[in-house]
Every structure is written in structure tokens, then in C-alpha cells.
Amino acid sequence: MVGKKIILAVTGSIAAYKAAHLVRLLVKNGAEVQVLMTPSATEFITPLTLSTLSKKPVFTQVIAEHEWNSHVELGLWADALVVAPATANSLAKLANGICDNIVSAVYLSARCPVFLAPAMDLDMWKHPSTQGNVQRLKSYGNHFLPVGYGELASGLVGEGRMAEPEEIATFLAAFFQKKQAFLGKKVLITAGPTYEAIDPVRFIGNRSSGKMGVAIAEQFAERGAEVTLVLGPSKLNPQHPNVTTVKVESAQQMYEASVKHFEKMDIAVLSAAVADYRPANVAEQKIKKKGEGMTIELEKTPDIAASLGKMKRKGQFIVGFALETNNELKNASEKLMKKNFDFIVLNSLQDAGAGFNFDTNKITILHRDNKRKDFELKTKAEVAVDIVDEVLAVL
Ligand code: C5P
């Protein structure tokens, strides 16, 4: 955590007393800590305690008597915003964009990852209003520290205790470490379908959405990699600053873009659903209707994966995909060896909720030594985490 800029936002719960220990731990780990407090947090612990420990003035208001604390500057300054403790009231405000104190104002201005450590009584925590706010905040990409179980300030026993400062500090350290796992690595991803022209208006295509490959690109980018995404026709348009998208249409264009970039790459993940055949001749004009039937002669497209597998030098790593409907393991294992992949991700169309156009997927990873890992049905974003974790584990 050395050199990381962390905003610790303290809101009005009795667990605010633990903020002192958290500041101490973060500072000890090398972080620069700026403390913000809501007015009610100052009823539980004094700003003086937290400013002494953080070695910085604590901000309690957007506009104070003699100062103006720019929530925009603070939001842009931070590498992480940690709200601990996060009360039911503050979660409700953050979930709904209410902006009436320095914590909620900085939250809306922050571009960095946000971590929320709820603290409240068990019934407040269980209440559908609170749980609805938690779900909403999660859907915005915020990270939650799990609440603990035990005796609460009310004397009741249940869920609602704030995570311990040590747990919060460890969670943050692991997060930063994960974010740097692929720093300096270059990753090529192929994704989406290809369209093979028949004439100027018609093509042969497939139902791939590109969702799985884009999720993998974003996951590598999140962890510091510099990603080149060669994307076939898809509605998706990833915006991560570490992802450069090269848009292509046909298998030939995807092949050329992939071969051009591969040499500089450390890792390639070939998730595109590339057409295996294309019309041998593309008509220059729209083909006219005539007769009862028609035949289009097809020729083979280049196999991008096999070509990159041949080009692969020591130190480069290739992940392939196999979408199978029968003899899944045998077919995938043959492709893994034939195309010189380091591991292959098998999707079976026999699994409900897996495959093209779903937001979920169920995969099996097969390694060259026949080691095999089966995963549950998950969202494609979660599957992307599993695939990237597996690359990290092998490397
Ligand atoms: O042989 P099959 O198409 O089933 O192999 C699937 C794997 O090969 C996937 O990783 C896919 O992206 C890749 N592939 C390719 N170029 C092709 C055909 C498949 O890169 N022309």
C-alpha cells in the first residue's frame, strides 16, 4: 500500500471508534490517508484523534467557516475511497445520489474504487430497504466488506458489526496487489463473431455477442495489463483506458490484426467465434434472385489460433476456447494440443445458461497435462475473473 492515496470516510456509527485503529494500520502500511467525517461521526470520535493519527487535517464539511474543501479535487486525488463505518443512512444516500455532506459529495466525485464497510444493528442491516441499497451500490461496482456476526451496541446478537480494521486493511492490500498483477504485460484478445461477405449486403455470420471476450479484456485491464482487443462485429464498446479496441469484420481481417500484434504480446486469449469457411467469391453487386435454389461455394478461412500457436515463442502464453455440443472433453483436448494452446476453456452448449448471447457461462478449463477444473454457472464477468486467475496461477 506504499504511496497509495486513501480517503477514509467515517460516518456516524459507534463503530467509528475503530476508525482510529484503521487509520493507524493504513499509515503504518505506507498509505497517505485523508480522513473525512460526517457531522454525526464527530459525535462518536473527535476529528483531532483522526487528524493526529493521519497527520493531516480532517475535513468534516464541504464548506467550513474558513475553508472550502473541494470534493472534486478530493475525489480525483484518491486511489481508493473507504467508507468505514458506513451507516444505513449513508448507504441510502450513496445509493440514491443524495449529496448533502462531504462524504456523499466526494463519493459522487470519486473515480477510484470504493469500499464500503457497513455497520448497524441487525434489523437495520436485514431490512429490505438497506439490502436494496446494498444491491444497488454493488451494481455500480462498489466493493463491500462483509459485515461480522456478534454482539452489537444494542446488546442484540446478529449480523451488522463492521469488519475489523485488520480485515479492511488486508482487503485493501490484496485489492491493490491484484490490480498490479499484470502490470507491464501485453495481452491480445480476439472476441465476437466474424462476418463473411457473400455480396455487398449479405454475409455469413454467427450468434456470438463478444460478451465473454470483452469481459476478459476488461478483467486483464483492471489488473494492470495493456490490452489489445481484436473485436468482430459486436454492439459492445469497452471503455477501459487500458483496452485498445481494433474493430474488424471478417476472419481474414481478424487474422491480419492478430498476427500483426501477436509478436509484441505476452498473453493471447482467443475467444472469438471465427467463421471456418467463407464464400470463395464475393459478388461485387447484390446477387439477384433466380431459380429455385442456389449454391454458394465456400473456402476455408485462416485458422488464427493455429497460426499464433505456430508463431508462439518461449514465454508467450495462449488460451484457446472450444464451444462443443458433443464429445466435449475429447474435442477440446485435441484442439488444445493441435493449436498449441497453454490451456483451453471449454463451453458446452448442453449446459443451460451457457454460450452465445447469455450473460452467464459455465466453463471447464483443461490443461496440457490433462488437469481439469470445472466451474459453476456464473456471470461472464465472474467467469472472466476465473480465467484470468488461472492464467496468473500458471504463470
Ligand atoms: O477449431 P475450433 O474453431 O473449434 O477452435 C476454437 C478455437 O480456435 C477458439 O479459441 C477460436 O477463437 C479459435 N479459432 C481461430 N481461428 C479460426 C477458428 C477458430 O482463432 N479460424
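Residues numbered from 1 in each chain as written. Predicted model: local features only at pLDDT ≥ 70, side-chain atom pairs only at ≥ 80, totals over all residues. Heavy atoms only, no water.

K.L.:
Tell me about the pairing of strand 7 (residues 157–161), residues and numbers included.
P.N.:
Across four bridges, the pairing between strand 6 (residues 148–151) and strand 7 is antiparallel. Residue Gly150 lies in a different strand from strand 7, and its bridge partner there is Gly158. Taken together, strand 6 and the strand that follows it, strand 7, pair antiparallel across an intervening segment of five residues, in which Gly155 is found at a positive phi of about 100 degrees. (Pairing = 2+ DSSP bridges. Helix = DSSP H or I, 4+ residues; strand = E, 2+ residues; numbered from the N terminus.)

K.L.:
Go over the site of the ligand, please, and point to the residues and values.
P.N.:
Contacts to the ligand come from 13 residues, most closely from Leu270, Ala272, Ala305, Phe321 and Lys335. Ala272 places a main-chain nitrogen or oxygen 2.7 Å from an oxygen atom of the ligand. Between the ligand and the protein, one listed contact pairs a nitrogen atom with a backbone N or O atom of Pro302 at 3.0 Å. Contact with the protein chains hides 86% of the accessible area of the ligand, taken as 450 Å² for the molecule alone. Sorting the residues of the shell around the ligand by element identifies helix 11 (304–311) and strand 16 (317–324) as the ones contributing at least two each. (Near = heavy atom within 4 Å. Polar contact = N/O pair within 3.5 Å; in protein donor to acceptor, adjacent residues only side chain to side chain. Areas by Shrake-Rupley, 256 points an atom, 1.4 Å probe, with all protein chains shown as cover.)

K.L.:
Could you give an account of the domain arrangement of the protein chain, naming the residues involved and the relevant values?
P.N.:
Here the protein chain is partitioned into domain 1 (5–178) and domain 2 (186–277 + 295–394). For domain 1 versus domain 2, the separation of C-alpha centres amounts to 40 Å. (Domains from an automatic or database assignment.)

K.L.:
An account of unusual backbone geometry is needed here, citing residue identities and associated values.
P.N.:
With an omega of -5 degrees, the peptide bond between Ala84 and Pro85 qualifies as cis. Relative to the assigned elements, Pro85 resides in strand 3 (residues 80–86). Even without glycine at this site, Lys55 takes up a positive phi of about 60 degrees. Relative to the helices and strands, Lys55 is located in the loop between helix 2 (47–54) and helix 3 (71–77). The exposure class assigned to Lys55 is exposed, which follows from its relative accessible area of 66%. (Buried < 20%, exposed > 50% of the residue type's maximum accessible area, 1.4 Å probe, protein only.)

K.L.:
With reference to specific residues and values, describe the sheet that holds strand 4 (residues 114–118).
P.N.:
Within the open sheet, the five strands sit side by side as 2-1-3-4-5. Their pairing is parallel. Each edge of the open sheet carries a strand with a single partner, namely strand 2 (32–37) and strand 5 (143–144). The pairing of strand 1 (residues 5–10) with strand 3 spans four bridges and is classified as parallel. Note that in strand 3 the partner of Ile7 across the bridge is Leu81. Helix 5 (residues 102–109) contacts strand 1, strand 2, strand 3 and strand 4 of the sheet and is inclined by roughly 125 degrees relative to strand 2. (Contact = heavy atoms within 4.5 Å. Axes fitted to C-alpha atoms, helices over the stretch in contact; angles between N-to-C directions.)

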